[in-house]
Amino acid sequence: MDYSTQDNQNAAPGALDAAKLNGARKPDSQSVTKRLQTELMQLMTSPAPGVSAFPSADGNLLSWTATIEGPDDTPYTGLTMKLSFAFPSNYPYAPPTVLFKTPIYHPNVDFSGRICLDILKDKWTAAYNVQTVLLSLQSLLGEPNNASPLNGEAAELWDSDPEEFKKKVLGRHRDIEEE
Amino acid sequence: MVMTVTNSKVHARRQKVFRSVFETRISQPTPLLPATEPGQPFGGPSAAFLANTPRLTHPANDQVRWDRAWHVVTSRIQLPSSVAAEDSFGTLAPDSSQDVDDAFRSSLLLVLNPASALPNASHTEDILSWHSQQVRQHFVNHVLPLLAACTSQGDHTQVLLTSIRTLEAANRQYLYGLSLILRAFRDEDAANAAVVKFRRDLHAVIGNSWTQGLLDALRDVLNRLATDVLRAGDMQASSPEPDREEEEDSQASDSRGELLRILESLSKVGLAGEKFQTLFAEVMNSCMDAFIQRNYAGVWTSSDDFGASTVSTVFSGCMAHLGDWVENHYARLTVEVFSRMGSKIEWSDVEMWKNVAIARLSTLRIHELFDIVLSWPESKGGVEDLRSAVTTPQRRLQLTDTFSAALQKRLLQPGRSTLYILQTYISMIRTFHALDHSKVLLDRVVHALQLYLCQRDDAIRIVVTGLLSHPKETTPEDSRGKLVELAAILNDASLQQRRHVDDDDLDWNDMLWLPDPVDAGVNYKRPKNEDVIGTLISALGSHDIFIKEFQSIIATRLLSGQPGIQQEVKVLGLLKRRFGESALQNCDVMLRDIQDSKRVDAAIGKSMESQQDQDGNIISFHSKILSRLFWPSLPKEPFTVPETVAEMQRQYEASFEHLKSSRKLNWLDNLGLATVHLELEDRTLTIECKTYEATVIYAFGQDEAAGEQGPAKRTFNDLWQKLMIDEDLLEEALAFWVSQRVIRDVGEQTYVVLEKLEDDVENAGADAAPATGEMEGGPPSPRKAKGMSAKEQEQRGIYWQFIVGMLTNSSPAMPLAQMMMMMKMLIPDGCSWSNEELQDFLEEKIAAGELELAGGKYRLPKK
């Protein structure tokens, strides 16, 4: 397949413009596409239970949507959370930007969906991929890192009052209807 | 009332207009009394008497004399009123008696010069216009019906000849009357002027008297004669048989003579006017068409076959012949015809005809182009013709349009095999290269073909096998179904040499540089040579798919145990130049694996202690070591290999790991080849077979020591459990041995070794199922549901994951087209399904309740 044309279609408009302005395409922009394609294939051939991800409907390979099902034995059981992945053009050398799209009540997620997870920040390595990130997030739902909360109240309630926590979770949760 | 008034008014006005054009007041000839001899006076005083009557000077007498003279003259030149046949007015009145003539002459003098001779005659008329008038009337009343009668004849030549004769006779008659009048003219110039005027009038009348029948007849006759004359220029006419040539020449000159004779008479009677010229032009036009069609349709001989009779050196082959013909035959005939009619042909006209002829020939060639392509390279001459004629962008466009239409209609049909399409494509590449080195024309027509080829799944496979086939396999059976041409091209050293790395920079030393054609598209790049293989490969869609296919094909070939890999190396080299080293790295590694494993195998073989089978024969054991990552996924179907072999494998493994410490061996038992030596009661067989087949037959011989009675007998299930082999493979192996007549099926999935051949004969007679026949089709495996290959099953699973992932994350509901697009775009190898296949698949899923269809969009059911 001709990746140069593929890239023209799939690259984010902004990224493409930037590349044009720079006068030359980024040398590894092809490998981003290729890497993401491989990751997608991997997700499809060996899917992990409870998580899935797919590029967004406009065919832009640099922006994905993911779904996590709340694990059993956690306050999130039975809930479905949507997330967005935005891949930088130097992926996998930089982590993707991951946000919860579904409103979620969680010690490490703030009210605009931002996540505090080390592997999405300084602990990121190129060995991680979409699937590992999703699995980490899934386990984060059951075992929040209360040492560095984004949502202090949630962190407190997690430890002190699980009943109240669960109520808050259900109160905050809303299935988002897409498009 | 008002109506009638207006009507009469209109009528009067019409009369006035008519009169302003035609002289109606000219008196009618005096009525003749019946049965008077021509020239004989009737009724009144005889002409002789009249002539001798002393002249009276009385004005009334003048008038009377004039009237009498008028009467004498008009009755003399009076045309016969009734005609029964063409000759009835052809017999001219004899100049019978001198005295009658004298009387006539004196009267004529009076009539001609009324002013001087009879100054007092108050009413005089011009005898010349009277004559014209009467001729006109006579023509309309008598000759036209005759002509019409002529055209009713069946034969066209006859029609033409009788018509001409009739007209000639009429002409003679009319001119006779005129000549009588003119005798009295003293003045030569006035006489000539009168003749010219009369002739012009007459020709105008005759020229307007073309009947449809006559036109048809003339067209037919002209056509026949012109064709005969021009046939002398046919290609066959220049054949070496002198007799025929002379005969044809004489026939041509006969026709030419006849044509010119007809033409002369036509022009004499006044039929050579504008109508005739139009007709002649039409005839000549169709003659040219017919000539080109007759001589050049399907004639694509190359230019060497023609003599040096070329007039202009620009053209070759048929073009030269055509130019020659136009000049020497076509123009000659036209010049002769025109000179008979008193006009001349300019040289520029001849040049123009040449151009017209060449344009027609090129149109013919354009329409034939598809056939030319099909019969390439015998049709080189045709392409030469086209190349010299198709020079303007318009003609190039016409060419590509026509060819595309033909392509669509004749090639891109489901009925055409992919091989045939590819062969045609190769011919197209070559033909168009000969036609137009710039490749612009090819690019323009080839698009539809490329699109179509993408739908043919086997196209790449055929090309790759073609490339890899042995060029010396020229026997028809071998080359059938293969593109052996490609291998031949690949091995053609002359073609190889010309191929060089094309660089983007202009080669300043290239003395053959030409500017890009005006109709070249953007991104146009002038190709260096015809490059059949390159063009073909680039037409097959994306490189990745091609390379993948190539990889899997050479994988099969490399593992097939063929002796050499030169062909593969060569093709790989070619592809590397095209796609770059990195794209073909895997294939490189594959080839190196095969080469390396030979060495490694030899090295390990030396270090291993030789194993012996039960009978003490030394088993030779070789392996090919493949680097897993670089080979296409090979099916792994493990089974229990015979103990001796397993022992060798262990040894082999150990020495390999010793040799290359960081690598491990993983056996693909099912991919190997084995030579089996079978000793049966009445015969010994040595058979090359697959390893699993060998294992199965080995299982029959293994427990013989256990003291069984008669030939060894195994059931399907026994074998299956013992060997832990895939059912399909087991079945295949059993079928193989049955077909080799080593074992036989005794029913109930039980197989017995066929120790003696005659056992089988009895049996075959009994159940009437020949052992070989069972090979094909094979009974359904008892354990495994067939229908879908494992690979397809796996693919369906992956695609389903894709669809679920897509509907979960991208968009909860999607139409078919969008899903197809996403899958095509996101699956790295492209989606191999068509829209219909995807739809079928989705419908299956809907039926299974795993999917819903709402408003034309698919979605996952809510949990």
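Residues numbered from 1 in each chain as written. Chains lettered and ligands numbered in written order. Predicted model: local features only at pLDDT ≥ 70, side-chain atom pairs only at ≥ 80, totals over all residues. Heavy atoms only, no water.

> What exactly am I supposed to notice about the overall build of chain A here?
Scanning chain A from N- to C-terminus turns up 6 helices and 4 strands. Burial status across chain A gives 47% buried among its 179 residues. Summarising the internal contacts of chain A: among those between residues at least 6 apart in sequence, 57% fall at separations of at least 24. Split by element, the accessible area of chain A, about 8,800 Å² in all, is 53% carbon and sulfur. (Helix = DSSP H or I, 4+ residues; strand = E, 2+ residues; numbered from the N terminus. Buried < 20%, exposed > 50% of the residue type's maximum accessible area, 1.4 Å probe, protein only. Contact = heavy atoms within 4.5 Å. Areas by Shrake-Rupley, 256 points an atom, 1.4 Å probe, with all protein chains shown as cover.)

> I would appreciate a short explanation of the UniProt feature "active site" (unreviewed entry) in chain A in the present structure.
Residues and elements named next belong to chain A. Feature annotation in UniProt places "active site" (unreviewed entry) on Cys116, given in this structure's numbering. Its location among the elements puts Cys116 in the loop between β4 (97-100) and α4 (130-142). Classification of Cys116 as partly exposed rests on a relative accessible area of 24%. (UniProt positions renumbered as here; feature names shortened; annotations may be inferred.)

> What am I meant to see in the pairing of strand β3 (residues 673-679) of chain B here?
Where a strand is regular, its side chains alternate between the two sheet faces. Across the two faces of β3(B) the burial differs, with B:Ala674, B:Val676 and B:Leu678 buried and B:Leu673, B:Thr675, B:His677 and B:Glu679 not buried at all. Hairpin connection between β3(B) and strand β4 (residues 684-690) of chain B: a loop of 4 residues separates the two successive antiparallel strands. (Pairing = 2+ DSSP bridges.)

> Is there a simple way to think about the sheet that holds strand β3 (residues 80-86) of chain A in this case?
Sheet strands pair by backbone hydrogen bonding; their relative direction is either parallel or antiparallel. One open sheet holds the 4 strands; their spatial order is β1-β2-β3-β4 (chain A), and the pairing between them is antiparallel. The outermost strands of the open sheet, each flanked by one partner alone, are β1 (51-55) and β4 of chain A. Strand-to-strand twist in this sheet, taken as the mean axis angle between neighbours without regard to direction, amounts to 20°. Against the sheet, α4(A) engages β1, β2 (63-69), β3 and β4 of chain A, with an angle of about 35° to β2(A). Here helix α31 (residues 790-810) of chain B sits on the sheet in contact with β1, β2 and β3 of chain A, set at roughly 85° to β1(A). (Axes fitted to C-alpha atoms, helices over the stretch in contact; angles between N-to-C directions.)

> Please explain the pattern of salt bridges as it appears in this structure.
Two side chains with opposite charge may pair up if their charged atoms get near one another. All names here are of chain B. Scanning the model with the defined rule gives 13 salt bridges over all chains in all. The residue Asp596 makes a salt bridge to Arg599 at a minimum N-O spacing of 3.0 Å. Of this pair, Asp596 and Arg599 both sit in helix α25 (residues 585-607), 3 residues apart, roughly one helical turn. Here Asp596 falls in the partly exposed class, since its relative accessible area comes to 25%. Its relative accessible area of 58% is what places Arg599 among the exposed residues. (Salt bridge = Lys/Arg side-chain N within 4 Å of Asp/Glu carboxyl O.)

> It is not clear to me how helix α6 (residues 162-172) of chain A should be interpreted in this structure. Could you clarify?
In an α-helix, one turn spans 3.6 residues, which is why side chains three or four residues apart end up on the same side. Residues and elements named next belong to chain A. Every buried residue of α6 is listed here: Phe165, Val169 and Arg172. Angularly, the buried residues of α6 cover 75° about the axis, an arc narrow enough to put them on a single face. In α6, the exposed positions angled more than 90 degrees off the buried face are occupied by Glu163, Lys167 and Gly171. Contacts from the buried residues of α6 go to α5 (152-160). (Arc of directions from axis to C-beta.)

> Sorry if this is basic, but what is going on with the interface of chain B and chain A here?
When the parts come together, some accessible area is lost, and that loss is often what is quoted as the size of the interface. In this assembly, 22 residues from chain B lie in contact with 26 residues from chain A. Taking both partners together, chain B and chain A bury about 2,000 Å²; carbon and sulfur atoms supply 60% of that area. It is B:Asn809, B:Met825 and B:Leu826 that lose the most area in chain B upon contact with chain A, and together they represent 31% of the buried surface on that side. The tally of links from chain B across to chain A stands at 0 salt bridges. Linking chain B to chain A there are 4 residue pairs in polar contact (both at pLDDT 80 or more). Only α31 and α32 (816-826) of chain B provide two or more residues apiece to the side of chain B that touches chain A. Broken down by element, the residue count for the side of chain B that touches chain A peaks at 8 residues, all from α31(B). Per-class residue counts for the side of chain B that touches chain A are 10 nonpolar, 9 polar and 3 charged. (Buried area = accessible area lost by both parts, 1.4 Å probe. Polar contact = N/O pair within 3.5 Å; in protein donor to acceptor, adjacent residues only side chain to side chain. Nonpolar A, V, L, I, M, F, W, Y, C, P; charged D, E, K, R; others polar.)

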